[in-house]
Amino acid sequence: MRVVVALGGNAMLQRGEKPDADVQLANIRKAVKSLAPLAEQHEIVVTHGNGPQVGVLALQSAADKSLTIPYPFDVLGAETQGMIGYWLLQSLQNALPGRQVCALINQTLVSAADPAFDNPTKFVGTVYTEAEAKQVAEERGWVVKQDGQYWRRVVPSPRPRRVIETRLIRQLLASGAIAVCAGGGGVPVMRNELGQLVGVEAVVDKDLTASLLAEALEADALLLLTDVQRVMRNFGQSNAEEIRNATPAQLREEDFPAGSMGPKVDAVCHFVEMTGDMAAIGSLEQATEILAGKAGTIVTPSGQYPERGLL
Ligand SMILES: Nc1ncnc2c1ncn2[C@@H]1O[C@H](COP(=O)(O)OP(=O)(O)O)[C@@H](O)[C@H]1O
Ligand SMILES: NC(=O)OP(=O)(O)O
């Protein structure tokens, strides 16, 4: 099977954790422990989030007095692909000696007409209390929004339209390599009037890019791994319940927050609707169990899994 796996940025650096390198590397090693058995049996493409990390780099850049203008978000996104890509590359190589692993810097095409530029929803950086968030927003000209019990900075997150390097990723997979790519949803780019690629101030949702990429690579399964074991109905309320299996239509009937579970649900539903294959949302530490249908929220056309003798 060909499996596209997306690792959550918040899962690699959990809310409230110090953004130190060793903390993130330890989380990534835990995730890779669960990915390694999957990679031994299947062709895998690994993509990752960058919300917390890109926010840290934005703060560092804004604090650097030697710069005339802080680095724009496309540049910061590429930096996070290098940093997280390096951690994943090393952890995967250590866990799977003899396997070729490649981490790519790559770009995702977005549209200048995307309404997301007028309504920022992508959470980046650390968490604040409401009062802190409103103060920092005033001081720095940020937009901030509520993220669960916390507040965070938000930036525009236009819909991914194409992963520019798709053909190259296909070639890497055909050569037997594990491809780490489309990190942070891919560096957002547009084409100018001359057809040239130019960077865009935004952060693309990595789950939507993972879904697009999985479809383009004709993957058999899409796994979105994060810091919760399953998608919940009535999340955060006393009547919350886990969703174990669903069809896209059943999931689309529920309401999920933009900027966290909303895009994940959209991404898995879209993949299943377009391909008829399996997609799932679950814990970073349960990749193998999720693919076996024993953990996570599994989405298939019939709501059953395994189906069509996939495994
Ligand atoms: N209905 C829901 N079920 C489960 N988690 C939810 C739900 N709604 C919101 N969430 C939140 O979504 C978070 C995962 O989304 P996000 O933080 O964007 O993940 P990541 O950065 O790991 O991709 C969970 O930690 C949880 O707080
Ligand atoms: N770019 C992105 O979607 O990052 P997170 O998964 O960290 O939100």
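Preceding this section is the structure that the text describes.
Summarised in this report is the structure supplied together with it. Source: prediction; values computed, not measured.

### Considerations on the site of ligand 1
In the vicinity of ligand 1 lie 19 residues, with R15, K206, T226, D227 and K264 positioned nearest. Within the backbone of G9, a nitrogen or oxygen atom sits 3.5 Å from an oxygen atom of ligand 1. Residue T226 places a side-chain N or O atom 2.7 Å away from an oxygen atom belonging to ligand 1. Expressed as a share of its isolated accessible area of 580 Å², the protein-covered part of ligand 1 is 91%. Grouping the constituent residues of the shell around ligand 1 by class yields eight nonpolar, six polar and five charged.

### Considering the packing of aromatic side chains
Scanning all chains against the criterion turns up one aromatic pair. Here the aromatic rings of Y128 and W142 are separated by 6.4 Å at their centres, their planes lie at 55 degrees, and the arrangement is tilted. You can see Y128 sitting in strand β5 (residues 122–128) and its partner W142 sitting in the loop between α5 (130–140) and β6 (143–147), a full 14 residues away along the chain. The pair formed by Y128 and W142 is uniform in burial state, with each residue classed as buried.

### Let's talk about the site of ligand 2
Neighbouring ligand 2 are the residues G9, N10, G49, N50, G51, P52, K122, G184, V203, V204, D205 and K206. Between ligand 2 and the protein, one listed contact pairs an oxygen atom with a backbone N or O atom of G9 at 3.3 Å. Note that a nitrogen atom of ligand 2 is positioned 3.5 Å from one of the backbone N or O atoms of G184. A total of 260 Å² of accessible area belongs to ligand 2 in isolation, and the protein chains cover 95% of it. Among the elements of the structure, α1 (9–12) and α3 (51–63) are those that each provide at least two residues to the shell around ligand 2. Among the residues forming the shell around ligand 2, the class breakdown is three nonpolar, six polar and three charged.

Conventions and cut-offs
- Residues numbered from 1 in each chain as written.
- Chains lettered and ligands numbered in written order.
- Predicted model: local features only at pLDDT ≥ 70, side-chain atom pairs only at ≥ 80, totals over all residues.
- Heavy atoms only, no water.
- Near = heavy atom within 4 Å.
- Polar contact = N/O pair within 3.5 Å; in protein donor to acceptor, adjacent residues only side chain to side chain.
- Areas by Shrake-Rupley, 256 points an atom, 1.4 Å probe, with all protein chains shown as cover.
- Nonpolar A, V, L, I, M, F, W, Y, C, P; charged D, E, K, R; others polar.
- Phe/Tyr/Trp six-rings, centres within 6.5 Å; stacked < 30°, edge-to-face > 60°.
- Helix = DSSP H or I, 4+ residues; strand = E, 2+ residues; numbered from the N terminus.
- Buried < 20%, exposed > 50% of the residue type's maximum accessible area, 1.4 Å probe, protein only.

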